[in-house]
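# Architecture and fold: a report
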Amino acid sequence: MADEALFQFLHSEIIQYVNSVESGESENGRCVSKLESMGFRVGQGLIESRHISDCRFTKDTPRFKDELDFMKFICKDFWTSVFKKQIDNLRTNHQGIYVLQDNKFRLLSQLSSGKQYLEHAPKFLAFTCGLVRGALSNLGVKSIVTAEVSVMPACKFQVMIQKM
């Protein structure tokens, strides 16, 4: 429980810091991009790290047969290790697009659920988009990850697998 609170606090501080460095409305895109890049590096590191490997990540997990296996791994093992719960719903069109739905996304829980706060949601989701993209990248899967929020704190992450 304490580590979860620390992660949420660190995430909030990172957003606040990057936002203060990249202040101004024209810099909002740069802020989101910087947060996504930070998440990408962390996602790569989590897959590499011994701590995660000891938690069944890549060491004890059998080789993935296809894209769907990679996504199931992200939704179950990876998401659980980072957010202490599995993704609530995984959908696919079987053409390389996957939608991961989290109905109570912890990193949005500190924002009020009013519609006026929806404009701030991209900053709170960018790090996680990068986290997922970085993890997949280190597993050998090139992807584009985006996120959307219609009602707080639920959100959807869309993962588009890039064919090599």
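Rules of the game
Residues numbered from 1 in each chain as written. Predicted model: local features only at pLDDT ≥ 70, side-chain atom pairs only at ≥ 80, totals over all residues. Heavy atoms only, no water. Helix = DSSP H or I, 4+ residues; strand = E, 2+ residues; numbered from the N terminus. Buried < 20%, exposed > 50% of the residue type's maximum accessible area, 1.4 Å probe, protein only. Contact = heavy atoms within 4.5 Å. Areas by Shrake-Rupley, 256 points an atom, 1.4 Å probe, with all protein chains shown as cover. Polar contact = N/O pair within 3.5 Å; in protein donor to acceptor, adjacent residues only side chain to side chain. Pairing = 2+ DSSP bridges. Axes fitted to C-alpha atoms, helices over the stretch in contact; angles between N-to-C directions.

To continue, consider the overall build of the protein chain. Tallying secondary structure elements over the protein chain gives five helices and four strands in all. Secondary structure elements of the protein chain, listed N to C terminal, follow the sequence α-α-α-α-β-β-α-β-β. Across the 164 residues of the protein chain, 40% fall into the buried class. Here the contacts in the protein chain between residues at least 6 apart in sequence split such that 58% fall between residues at least 24 apart. A total accessible area of about 9,400 Å² is found for the protein chain, and carbon and sulfur atoms account for 52% of it.

On to the side chain of D102. Tracing the backbone through its elements, the reader meets D102 in strand β2 (residues 97-102). Side-chain polar atoms of D102 contact the backbone nitrogen of F105, separated by 3.4 Å.

With that settled, consider the sheet that holds β2. Read across the sheet, four strands follow the order β1-β2-β4-β3 without closing on themselves; strand pairing throughout is antiparallel. Where the open sheet ends on each side, the last strands, each with one partner, are β1 (89-92) and β3 (143-148). Across the sheet, the mean angle separating the axes of adjacent strands is 20 degrees when strand polarity is ignored. Taken together, the four bridges between β1 and β2 define a ladder with antiparallel strand orientation. Within β2, the position partnered with R91 by the bridge is V99. This element, helix α4 (residues 67-83), spans β1, β2 and β4 (155-161) of the sheet and lies at about 15 degrees to β2. On top of the sheet, helix α5 (residues 121-138) reaches β3 and β4; it is set at about 155 degrees to β3, its chief contact.

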